[in-house]
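Close look at the chain arrangement
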Amino acid sequence: MTVTTAAERLVLCLLLCAASIGQASAQQTDREMIDELRQRLAASEKRIEALESKLATALALLPTPAAAPVAAPVAVSAAPVPANTPAPPANDPAPHDAMGMGMDNSSGGAHLKLPGGPVVNIRGFFDFNFGIGSYANPLVFPISNNGCGNCGNPVTPPHTTFQAGQFALFMNSQISNKLSFLAEVAYSPDSSNTWGLDVERYQLTYRWNRYLSASAGRMHTSIGYYNTAYHHGTWFSTAQGRPIMYLFEDSGGVLPVHIVGASVTGEVPGTEKLGLHWVAEVGNGRTSGPSTAPVQNFLSDRNYKAVNLAAYIRPDGIPGLQLGGSFYHDRLAPAGLPRVNQNIGSVYAAYVTPDWEFLNEAVLLSNHVQGVRDAYGSPMAYTQISRKFGIYRPYFRYQYVNDNQKDPVNILTGRYYGPSVGLRIDFTQFATFKLQYNRLFQSNQLTGNGLNSQIAFTF
Amino acid sequence: MLRLHTDRRRVLLCLIALSSGAAGSGGSAPQGGPLAVVVHKSSRQENITTGELRKMLTGDLRVWQDSSPVVLVQQPDENPSQKRMLKILLKTTPAGYNNQLLQVQFQGRALPAIRVLNSDANAIAFVWNVPGAVSVVDAAAAEGSIHVKILRVDGKLPGEAGYPLQ
């Protein structure tokens, strides 16, 4: 019995020893596994941190995604992630690109990027019109005197017509953080039913900062408000057609709405709340005579350069308000005439919010022939008001242009004034339908009436 | 073995907690509360005016006071915070804002630099990573994050009387 008990004890003892050895061994294995897992976890965390840091940098360098289709990746690349920037923790999802997540890409436009080259953004604009009236559409049809000199404008042949508008291609590219380029090419028909191609704008801009940027090329002259706010894409403009005073030169306009030269502009430091901006331009003014193309793209008919100075404020306290003015000076050299000093002064008040638009501008064009006592003054003005109600925007414009009939330089002479009333319907985000009635009183002519419709869109 | 099981359980619990935390932060924040303007922790900016915010949105203000570039972090058009921000600051809709940017581009003016991310949490994470980034997010989402700085707007913090981004 004793022997048995002793043997049992011995067996038990051995078993206990074996068990304790086994447990110790198992504990050691567990520790090793835990250590290994910890090491793996630490390695994974490091890897995640590195990846997240790389991702954030890459995101900052990527072009802007679709939901903000027009935003350029200008400054983002100048915002590198510093080495000591903490990476997000594991429970904070890393930022990721919104592309491919069903975000808005409906604003169209194309982005072309050659490997290693800058991105080119391309956007198209077009409008198609239908006009009915006793006169040709007085605001869309080019107004011209058809060679009758200062007799006032002859009756434009009556017509009811469909009318192709401007097919405008707008391109821009951010070449570097501070250097950008834009161009606008318009292909449009004229009264001879032939299509013509015009490079309406090309502009290379270098922006040092908000206080100074310089541009060179063919630009819209900073005369008044409308000429710098609206260009060749009619989809942007509320009404159909530009105010007569801002008609393009090849449509009979008397103002030098384009300038080929250089421009500097910026904000005045210390006036951030007032939003005081300045513009100074120098370039080829419009041609001195009517026989050549009005915009001097390549060769100027005189050495004298046109100068334009403008200033405007956009006070913080009244978002949407812009008040400004400009002064333009040039010296024309018309054939067979003494030199003509051309001065153009403008003042304007514009209030533009997403709902309201209230534009008021006045311009005085003065041509002073040297040796003649008085200058030939041509006052012109318009007012335009509109209010948006959902997709509908009714509008009203009244304009007055009185181009001195004795002026030896102006192509368009005579008095034009009258109201336009219309309705703009934005039936989709990027296409609009406009219906507009124009009544135009013209000196030496019958009063013109026109009912015009227009579909304008961007793509 | 018991210890290993416990560790595994902890890892599992952590993973569940992480995933639920991520899902929670990525989900839509409560609507109708104030919006907060968040910037990188290193920013020396303490206050921003509504006028400055408006200018940033339209590209008229593209650098901070220390000359570092502004990177706007926005959210998709259908996002309530984005809609409310545009309504309050620009009195417009996302579609109207996009049109406004198109016009800015067409006029040859400088555009704002914009990143679009799909939630407040992602916007905050981006702002945390990129100095110069700024985002307007739901204040509730921002207050929970210790990684970004909430700016005063016109001298006021979210929740204070007269805070403009209510």
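Reference entry: report on the structure contained in this document. Because the structure is a prediction, the values reported are computed rather than measured.

Scoring rules and cut-offs
Residues numbered from 1 in each chain as written. Chains lettered and ligands numbered in written order. Predicted model: local features only at pLDDT ≥ 70, side-chain atom pairs only at ≥ 80, totals over all residues. Heavy atoms only, no water. Helix = DSSP H or I, 4+ residues; strand = E, 2+ residues; numbered from the N terminus. Buried < 20%, exposed > 50% of the residue type's maximum accessible area, 1.4 Å probe, protein only. Contact = heavy atoms within 4.5 Å. Areas by Shrake-Rupley, 256 points an atom, 1.4 Å probe, with all protein chains shown as cover. Core = buried A, V, L, I, M, F, W, Y, C linked by side-chain atoms within 4.5 Å. Pairing = 2+ DSSP bridges. Axes fitted to C-alpha atoms, helices over the stretch in contact; angles between N-to-C directions. Patch = residues over 30% accessible without salt bridge, like charges linked within 9 Å, V, L, I, M, F, W, Y side chains within 5 Å. Salt bridge = Lys/Arg side-chain N within 4 Å of Asp/Glu carboxyl O. Phe/Tyr/Trp six-rings, centres within 6.5 Å; stacked < 30°, edge-to-face > 60°. Lys NZ or Arg CZ within 6 Å of the ring centre and 35° of its normal. Polar contact = N/O pair within 3.5 Å; in protein donor to acceptor, adjacent residues only side chain to side chain. Left-handed = near helix turned anticlockwise from the far one by under 90°.

1. Brief notes about the overall build of chain A
Tallying secondary structure elements over chain A gives two helices and 18 strands in all. Within chain A, the fraction of its 459 residues that count as buried is 44%. Partitioning the contacts of chain A with sequence separation of at least 6, the portion at a separation of at least 24 is 55%. Within the structure as shown, chain A displays about 21,900 Å² of accessible surface, and the carbon and sulfur contribution to it stands at 64%.

2. Observations regarding the nonpolar core
Ranked by internal contacts, the top residues of the largest apolar core, which has 40 residues, are A:Tyr246, A:Leu255 and A:Met380. Breaking this core down by element, the ones donating at least two residues are strand S4 (167-174), helix H2 (226-229), strand S10 (306-313), strand S12 (340-352), strand S13 (356-369) and strand S14 (376-387) of chain A together with helix H4 (94-106) of chain B. Setting aside chain neighbours within four positions, we find A:Met380 in contact with A:Met245, A:Val254, A:Leu255, A:Glu361, A:Ala362, A:Val363, A:Leu365, A:Tyr400, A:Val401 and A:Asp403.

3. With respect to the sheet that holds strand S4 (residues 113-116) of chain B
Sheets are built from strands that pair by backbone hydrogen bonding, the pairs being arranged parallel or antiparallel. Residues and elements named next belong to chain B. What the six strands build is an open sheet, ordered S2-S6-S1-S5-S3-S4; its pairing is mixed. Two strands close off the open sheet at either side, each with one partner strand: strand S2 (47-48) and S4. Bridge count between S2 and strand S6 (residues 148-153): two bridges; the pairing is parallel. Within S6, the position partnered with isoleucine 48 by the bridge is valine 153. Helix-sheet contacts for helix H5 (residues 120-129) involve strand S1 (35-40), strand S3 (71-74), S4, strand S5 (133-138) and S6, and the interaxial angle to S5 is about 155 degrees.

4. Section: a nonpolar patch on the surface
All names here are of chain A. A surface patch of nonpolar side chains, amounting to about 990 Å² of accessible area, comprises Ile132, Ile318, Tyr351, Trp356, Phe358, Ile385, Phe396, Tyr398, Val421, Leu435, Tyr437 and Leu451. Counting residues per element, the ones that place at least two in the nonpolar patch are S13, strand S15 (392-403) and strand S17 (431-442). Of note, phenylalanine 358 is situated in strand S13. With relative accessibility at 36%, the residue phenylalanine 358 sits in the partly exposed group.

5. Considering H5(B)
Counting buried positions along H5(B) gives 10 out of 10 residues, so the element sits mostly inside the fold. Every buried residue belonging to H5(B) is among B:Asp120, B:Ala121, B:Asn122, B:Ala123, B:Ile124, B:Ala125, B:Phe126, B:Val127, B:Trp128 and B:Asn129, and all of these are buried.

6. Overview of the packing of aromatic side chains
Within the structure shown, the criterion is met by 22 aromatic pairs over all chains. Ring geometry for A:Trp235 and A:Phe236: centres 5.0 Å apart, planes at 55 degrees, overall tilted. On the basis of relative accessible area, A:Trp235 is assigned to the buried category, the value being 3%. An aromatic cluster is present here, built from A:Phe125, A:Phe170, A:Trp235, A:Phe236, A:Phe430 and B:Phe106 joined pairwise through their rings. The residue whose ring lies beneath A:Arg201 is B:Phe106, and the NZ or CZ to ring-centre distance is 5.0 Å. The ring of A:Phe389 has A:Arg387 sitting right over it, with the charged end atom 4.9 Å from the ring centre.

7. Thoughts on helix H3 (residues 80-90) of chain B
Structurally, the α-helix is built with 3.6 residues per turn, so residues lying three or four positions apart point the same way. All names here are of chain B. For H3, the full list of buried residues reads Ser81, Gln82, Arg84, Met85, Leu86, Leu89 and Leu90. Among the structural elements, S1, helix H2 (50-58), S3, H4, H5 and S5 are those in contact with the buried residues of H3. Its side-chain oxygen at 2.7 Å from the backbone nitrogen of serine 81, asparagine 79 defines the N-terminal cap of H3.

8. Digging into the packing of H2(B) against H3(B)
Residues and elements named next belong to chain B. The interhelical angle for the contact between H2 and H3, taken along N-to-C directions, is 115 degrees, at an axis separation of 10 Å. Crossing hand, H2 versus H3: left-handed. Residue-level contacts link Thr50, Leu53, Arg54, Leu57 and Thr58 of H2 to Met85, Leu89 and Leu90 of H3.

9. Quick notes on the pairing of S4(A)
Residues and elements named next belong to chain A. Across six bridges, the pairing between strand S2 (residues 119-133) and S4 is antiparallel. The residue of S4 that forms the bridge with valine 120 is serine 173. Hairpin connection from S4 to strand S5 (residues 179-189): four residues lie between these consecutive antiparallel strands.

10. Things to note about the packing of H3(B) against H4(B)
One way to put it is that H3(B) packs onto H4(B) with a least axis distance of 9 Å and a crossing angle of 65 degrees. In this structure, H3(B) uses B:Lys83, B:Leu86 and B:Leu90 to contact H4(B), whose residues at the interface are B:Pro94, B:Tyr97 and B:Gln100.

11. Remarks on the side chain of B:Ser81
All names here are of chain B. Turning to its location among the elements, serine 81 is positioned in helix H3. On the accessibility criterion, serine 81 (4% relative accessible area) is buried. In contact with serine 81, not counting residues within four places along its chain, are Leu35, Gln75, Asp120 and Asp138.

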